[in-house]
Amino acid sequence: MQPFIVKLNDLKAGANHFEWVADDEFFAGFENSEVLGASVKADVNMANRGATVEVECALTGSVTVPCDRCLEDLELPVDTSFEETYAPESDELDLSQDVYDFVMISLPMQRVHEEGGCNEDTIKYISK
């Protein structure tokens, strides 16, 4: 089974549990992704209710993005979750876009190193 895609015919009635990892390859599959590296664990509980599927997903780990100030790699923690009820129109439920979206919106708007953490050579040019 491909991560984040669940074949609904294989889901048992009631509770189901999955654990997946969103890594570099996962984020590379999204156009214009700012993520340079990642290791985000997705802990997913699904409840098959027949016509609907209730999903609770906890996302923890980290992603690496460019620093907005010096453009060097910046590792940011990810700790977010979402709950959603889906009414799938096919025999598969793909959570990939939701996982990507919730990781991205959990990141701060301004992504910069802590004071003194930026590349000193770059900061010299910015300061002029």
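Residues numbered from 1 in each chain as written. Predicted model: local features only at pLDDT ≥ 70, side-chain atom pairs only at ≥ 80, totals over all residues. Heavy atoms only, no water.

> For the overall build of the protein chain, give the residues involved together with the corresponding values.
Looking only at helices and strands, the protein chain features three helices and six strands. Its helices and strands taken in sequence order, the protein chain reads β-β-α-β-β-β-β-α-α from the N to the C terminus. Taken against the 2.2 N^0.38 rule, which gives 14 Å for 128 residues, the C-alpha radius of gyration of the protein chain at 18 Å runs more than 25% over that of a compact globule. Taken along the three principal axes of its C-alpha coordinates, the protein chain extends 65 × 20 × 20 Å. (Helix = DSSP H or I, 4+ residues; strand = E, 2+ residues; numbered from the N terminus. Rg over C-alpha atoms; globule rule 2.2 N^0.38 Å.)

> Tell me about the sheet that holds strand 4 (residues 53-66), and please be specific about residues and values.
Here we have four strands laid out as an open sheet, ordered 2-3-4-5, and antiparallel in their pairing. Because the sheet does not close on itself, it has two edges, and the strands there are strand 2 (14-23) and strand 5 (73-86). Between one strand axis and the next, the sheet turns by 10° as a mean value, whatever way the strands run. Packing against the sheet, helix 2 (residues 96-106) makes contact with strand 2, strand 3 (37-48), strand 4 and strand 5, and its axis sits at approximately 130° to strand 5. (Pairing = 2+ DSSP bridges. Axes fitted to C-alpha atoms, helices over the stretch in contact; angles between N-to-C directions. Contact = heavy atoms within 4.5 Å.)

> Tell me about the pairing of strand 5, and name the residues and values.
A regular strand places its side chains on the two faces of the sheet in alternate fashion. Pairing of strand 4 with strand 5, which is carried by 14 bridges, proceeds in the antiparallel orientation. Bridge pairing in strand 5 places Gly-61 opposite Val-78. Counting the residues that bridge the hairpin from strand 4 to strand 5 gives six residues, and of these Leu-71 lies at a positive phi of roughly 70°.

> If you had to explain the pairing of strand 4 to someone new, which residues and values would you point to?
Across 12 bridges, strand 3 lies against strand 4 in antiparallel orientation. Residue pairing across strands places Met-46 opposite Val-55, the latter belonging to strand 4. If you look at the hairpin formed by strand 3 and strand 4, you'll find four residues sitting between the two strands, and Gly-50 has a positive phi there, around 90°.

> Tell me about the nonpolar core, and please be specific about residues and values.
Of all hydrophobic cores here, the largest spans 37 residues; its most connected members are Phe-27, Val-44, Met-46, Val-55, Leu-59, Val-63 and Leu-95. Every element with two or more residues in this core is listed here: strand 2, helix 1 (24-28), strand 3, strand 4, strand 5 and helix 2. Looking at this core element by element, the count peaks at six residues for strand 4. Ignoring any residue separated from it by four or fewer positions in sequence, one finds Phe-27 in contact with Ala-22, Ser-33, Val-35, Ala-38, Val-63, Tyr-100, Val-103 and Met-104. (Core = buried A, V, L, I, M, F, W, Y, C linked by side-chain atoms within 4.5 Å. Buried < 20%, exposed > 50% of the residue type's maximum accessible area, 1.4 Å probe, protein only.)

> Explain the side chain of Asn-48 to me, and be specific about the residues and the numbers.
Tracing the chain through its elements places Asn-48 in strand 3. Looking at Asn-48, its side chain comes within polar contact range of the main-chain nitrogen of Gly-50, at 3.0 Å. In contact with Asn-48, other than residues within four places in its own chain, are Leu-8, Leu-11, Lys-12, Ala-13, Gly-14 and Asn-16. (Polar contact = N/O pair within 3.5 Å; in protein donor to acceptor, adjacent residues only side chain to side chain.)

> Summarise unusual backbone geometry; cite the residues concerned and give the values.
The backbone of Phe-4 shows a phi angle near 75°, a positive value even though the residue is not glycine. You can call Phe-4 buried: its relative accessible area is 1%. A positive phi is found at Leu-71, a non-glycine position, where the angle reads about 70°. Here Leu-71 is to be found in the loop between strand 4 and strand 5.

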